[in-house]
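As a plain string of letters, each chain reads:
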Amino acid sequence: MKRQATADGVAAAAKRLEGVVTRTPLLPLDHGGGRVWVKAECLQRGGSFKYRGASNRLLRLTEAERRAGVVAFSSGNHAQGVALAAARLGIAAAIVMPADAPGVKVEATRAAGAEIRFYDRARESREEIAARLAAERAAVLVPSFDDVDVIEGQGSVGVEIAAQLGGAPDRVIVPCGGGGLSAGIALALPGSAVVTAEPEGWDDMARSLEAGEILPVAEPAPVTRCDALQTKRVSELTFAPLRAAGARGVAVSEAEVAAAVAFAARHLRIVAEPGGAAALAAFLAGKAGPAGERTVVVVSGGNVDPGLYAQLIGGRIAP
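Because the structure is predicted, anything quoted here is derived from the model rather than measured. (Residues numbered from 1 in each chain as written. Predicted model: local features only at pLDDT ≥ 70, side-chain atom pairs only at ≥ 80, totals over all residues. Heavy atoms only, no water.)

Student: For this particular structure, what's the right way to read the nonpolar core?
Tutor: Grouped burial of nonpolar side chains is what soluble globular proteins tend to show. Among the nonpolar cores identified, the biggest contains 35 residues, and L29, I173 and L280 are the most heavily contacted of them. Of all the elements, helix α12 (residues 254-268) adds the most residues to this core, at 8 residues. Leaving out residues up to four positions away in the same chain, I173 has contacts with V195, A279, A282, F283, A288, T295, V296, V297 and V298. Of all hydrophobic cores here, the second largest spans 30 residues; its members include V157, L165, L237 and V298. (Core = buried A, V, L, I, M, F, W, Y, C linked by side-chain atoms within 4.5 Å. Buried < 20%, exposed > 50% of the residue type's maximum accessible area, 1.4 Å probe, protein only. Helix = DSSP H or I, 4+ residues; strand = E, 2+ residues; numbered from the N terminus. Contact = heavy atoms within 4.5 Å.)

Structure (C-alpha cells):
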C-alpha cells in the first residue's frame, strides 16, 4: 500500500523544520464587522510556503541521495523552495520550469544556484521531462505536491497557526493548486473546517470534492494570473485528506484576485502574488463564509513580477 501523509507525520515535520523555516506572522484583519487572522506565508523564505515542504523532503534524503542531487518541476514557487533547500544542504538541484514563468521566479531560482530547464507549458509534460532528467542523472525527483514528505512539511503551517492562536481555528481558507498545503493543514488541524480557493476554470479540487472523486481541469483551461495554482489534476495523496476532512472548495474570478492583491498591499502591508491571494479573494468576496475570530486566511506566496504588481495594486489592469 502506498504511504499516506498523516497527522503524526505533520507533527514530526514541524519539529524537524524548527530553526529551518521562518515562523511567519498571523496578522489580525478587521473586516465585515468581524476579525479574521491572515497567515502571511508570503514572508516565508523564498517568498512562499513551498520552502517548508521542500526542506522537509530534502532533510529526509540519505547521504547517497544527497550526493546524487535532486530534480523538481514548478512554475516558480516550488522551484525556489527546492533551490534554496538544496543550497542550504549542499545538494545539486535541476528545476524544470515553464518558459512563461514569471521572471522574478526564474531569477530567484537561478540566484539560489539551481540549474533551470525550460519547457512549453501548452505542448510538453513537465512531469515527463523531470522524470527523464532524474533517471538520466540517477537523481531524486521532488514533486511539488504529490509526495508525502512535501505534504507533511506544508502541514507545518497548520501547526504554527494552532500555536499562534492558542488552539485550532474554526475555519481555514487556503489557496489550492495541487493541494499539498491544504491537505497538510487539514491533517494538522483535524477539528477545523478547510475551504480551498482556486481560480475560476482551474477549480478541479473544488469540483473533485463535490463529486467525491478526482476530476481534472476541463479543457481548454482559461488564462489566469494565478500561475502558482495552475495544476490540471490533483493527486490522491492530497485529495484523500481533504475529502476525509469534509473540506469544500470555492472558485474566484480574476477580478476578485486582483482586488485581493491590492487589498493586501493597502490594509495588511504585505505583497501577495495573484495565486497567493486566492484565499483572501474568496474571503473578501463572501464566498468562504463570514468573518470570525477563529477564521484564518492563508496568503501563500508573494512572488510577483514588479510590473504586474504595480498594475494590480494601482487598479490599472483589466479583469
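Now that the structure has been shown, we can carry on.
Student: Honestly, the packing of aromatic side chains in this entry has me stumped. Any pointers?
Tutor: Centre-to-centre distance and the angle between the planes together describe a pair of aromatic rings. The full count for this structure, using the stated rule, is 0 aromatic pairs. Above the plane of the ring of W37 lies R35, whose end atom (NZ or CZ) is 5.6 Å from the centre. (Phe/Tyr/Trp six-rings, centres within 6.5 Å; stacked < 30°, edge-to-face > 60°. Lys NZ or Arg CZ within 6 Å of the ring centre and 35° of its normal.)

Student: What is the right way to read the sheet that holds strand β10 (residues 295-299) from this model?
Tutor: Strands pair in a sheet through their backbones, by hydrogen bonds, and they do so in one of two ways: parallel or antiparallel. With mixed pairing, the 6 strands of this open sheet are ordered in space as β1-β2-β10-β7-β8-β9. Only two strands of the sheet have a single neighbouring strand rather than two, namely β1 (26-31) and β9 (248-252). In this sheet, neighbouring strand axes are inclined to one another by 25° on average, regardless of whether the strands run parallel or antiparallel. Two strands pair when backbone bridges link them, and strand β8 (residues 193-199) and β9 are joined in this way by 5 bridges, in the parallel orientation. Across the sheet, residue A197 finds its bridge partner in β9, namely V250. Sheet contacts for helix α10 (residues 204-211): β8 and β9; angle to β8, the most-contacted strand, approximately 135°. (Pairing = 2+ DSSP bridges. Axes fitted to C-alpha atoms, helices over the stretch in contact; angles between N-to-C directions.)

Student: Got a minute to help me understand the pairing of strand β4 (residues 93-98) in this structure?
Tutor: For a regular strand, the rule is simple: side chains alternate between the two faces of the sheet. Of all 6 residues making up β4, 6 are buried, and the element is well covered by its neighbours. The alternating pattern of β4 places A93, I95 and M97 on one face and A94, V96 and P98 on the opposite face, and all of these are buried. Where strand β3 (residues 70-73) lies against β4, 4 bridges are found, and the strand directions are parallel. Within β4, the position partnered with V70 by the bridge is A93. In terms of handedness, the path from β3 via helix α4 (residues 77-89) over to β4 forms a crossover that is right-handed. The pairing of β4 with strand β5 (residues 115-119) spans 5 bridges and is classified as parallel. Looking across to β5, one finds that P98 is bridged to Y119. Handedness of the crossover joining β4 and β5 through helix α5 (residues 103-111) is recorded here as right-handed. (Right-handed = clockwise from strand over helix to strand, strands pointing away.)

No statement about biological role is implied by the geometric values presented.
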